[in-house]
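# Working through the structure, step by step
Listed below, chain by chain, are the residues.
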Amino acid sequence: EPEVTQTPSHQVTQMGQEVILRCVPISNHLYFYWYRQILGQKVEFLVSFYNNEISEKSEIFDDQFSVERPDGSNFTLKIRSTKLEDSAMYFCASSDRTGGRYEQYFGPGTRLTVT
Amino acid sequence: GQNIDQPTEMTATEGAIVQINCTYQTSGFNGLFWYQQHAGEAPTFLSYNVLDGLEEKGRFSSFLSRSKGYSYLLLKELQMKDSASYLCALRGDSWGKLQFGAGTQVVVTP
């Protein structure tokens, strides 16, 4: 069964460093998302992406964040200058139009630890 | 904006039935989703309701009443592996973001 994949599974970085989290969505999906989940808290929406542009972003997704689809398969989230409060699990998700349901399928996540 | 409420924790015995309620307030509605999340793992899709009524899928069923802003997830014949957090999530427009509730931790005991 097709699935969303993410690399790395765990990233440790120092405050102020740049990180790039990578995702390979399900191959025929057209809609892509990033969410994050701080330990013990709820899953929070960051950004949605369609047709090579951002469709919607949350208040969390400030100028330090950017997304890119550099080729036909990868979807990346970049944090330019990490802060301690960016430590969280970051989930990529993708969906298609099947039945108008747009069910979102999540990748396994990247645990980002900022020290 | 949106507001989603679900109980923090529920405990049930193996083989029993558990019903997890979710109430919400929202200005736009285009679907309610239930996801299962085991500790340290990604949410996995369980069910989707956009019209009022019951959707059944094996041991899991989900119900929606849009007028009441209410949904529930019913888990039957509980198994130990069902111990997990169950997330209620709202979608406001046709394909966009999901707004998640805080999740209900279900503990299945022998």
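Keep in mind it's a predicted model, so treat the numbers as computed, not measured.

Cut-offs applied
- Residues numbered from 1 in each chain as written.
- Chains lettered and ligands numbered in written order.
- Predicted model: local features only at pLDDT ≥ 70, side-chain atom pairs only at ≥ 80, totals over all residues.
- Heavy atoms only, no water.
- Buried < 20%, exposed > 50% of the residue type's maximum accessible area, 1.4 Å probe, protein only.
- Helix = DSSP H or I, 4+ residues; strand = E, 2+ residues; numbered from the N terminus.
- Pairing = 2+ DSSP bridges.
- Axes fitted to C-alpha atoms, helices over the stretch in contact; angles between N-to-C directions.
- Contact = heavy atoms within 4.5 Å.
- Salt bridge = Lys/Arg side-chain N within 4 Å of Asp/Glu carboxyl O.
- Polar contact = N/O pair within 3.5 Å; in protein donor to acceptor, adjacent residues only side chain to side chain.

### Considerations on the pairing of strand S9 (residues 88-95) of chain A
Along any regular strand, the residues point their side chains to alternate faces of the sheet. All names here are of chain A. Summarising burial for S9: eight of the eight residues are buried, a large majority. Side-chain alternation along S9 places Ala-88, Tyr-90, Cys-92 and Ser-94 on one buried face and Met-89, Phe-91, Ala-93 and Ser-95 on a second face that is also buried. Examined bridge by bridge, strand S4 (residues 31-37) and S9 share seven bridges and lie antiparallel to one another. Its bridge partner being in S9, Tyr-33 is matched across the sheet by Ala-93. Examined bridge by bridge, S9 and strand S10 (residues 105-106) share two bridges and lie antiparallel to one another. Its bridge partner lying in S10, Ala-93 is registered against Phe-106.

### Observations concerning the sheet that holds strand S8 (residues 75-79) of chain A
Residues and elements named next belong to chain A. The strand order across the open sheet formed by four strands is S1-S3-S8-S7, and the pairing between neighbours is antiparallel. The open sheet terminates on both sides in strands that have one partner only, identified here as strand S1 (5-7) and strand S7 (65-68). In this sheet, adjacent strand axes meet at a mean angle of 20° when their direction is disregarded. By the bridge criterion, five bridges tie strand S3 (residues 19-24) to S8 in an arrangement that is antiparallel. Across the sheet, the residue bridging to Arg-22 is Thr-76, located in S8.

### Let's talk about the interface of chain A and chain B
In this assembly, 23 residues from chain A lie in contact with 20 residues from chain B. The salt bridge partner of Lys-97 of chain B is Glu-56 of chain A, with a shortest N-O separation of 3.3 Å. Summed over the shared surface of chain A and chain B, the number is six residue pairs in polar contact (both at pLDDT 80 or more). Put simply, the parts of the chain that give the side of chain A that touches chain B at least two residues each are S4, strand S5 (44-50), strand S6 (53-57), S9 and S10 of chain A.

### Quick look at the side chain of Gln-37 of chain B
Tracing the backbone shows Gln-37 of chain B in strand S4 (residues 32-37). Classification of Gln-37 of chain B by relative accessible area gives buried; the value is 8%. A distance of 2.8 Å separates the side chain of Gln-37 of chain B from the side chain of Gln-37 of chain A, its partner in a polar contact. At 2.9 Å, the side chain of Gln-37 of chain B forms a polar contact with the backbone oxygen of Glu-41 of chain B. Ignoring sequence-local partners within four residues, the contact set of Gln-37 of chain B consists of Gln-37, Val-43 and Phe-91 of chain A together with Ala-42, Pro-43, Ala-84, Ser-85 and Leu-87 of chain B.

### Quick look at the environment of Asp-93 of chain B
Looking at the secondary structure, you find Asp-93 of chain B in the loop between strand S9 (84-91) and strand S10 (98-100). For Asp-93 of chain B, a relative accessible area of 37% translates into the label partly exposed. Taking the C-alpha atoms as reference, Asp-93 of chain B lies 6.9 Å from Gly-28 of chain B; in sequence the two are 65 residues apart. Other than its neighbours up to four places away in sequence, Asp-93 of chain B contacts Glu-56 of chain A together with Asn-30 of chain B.

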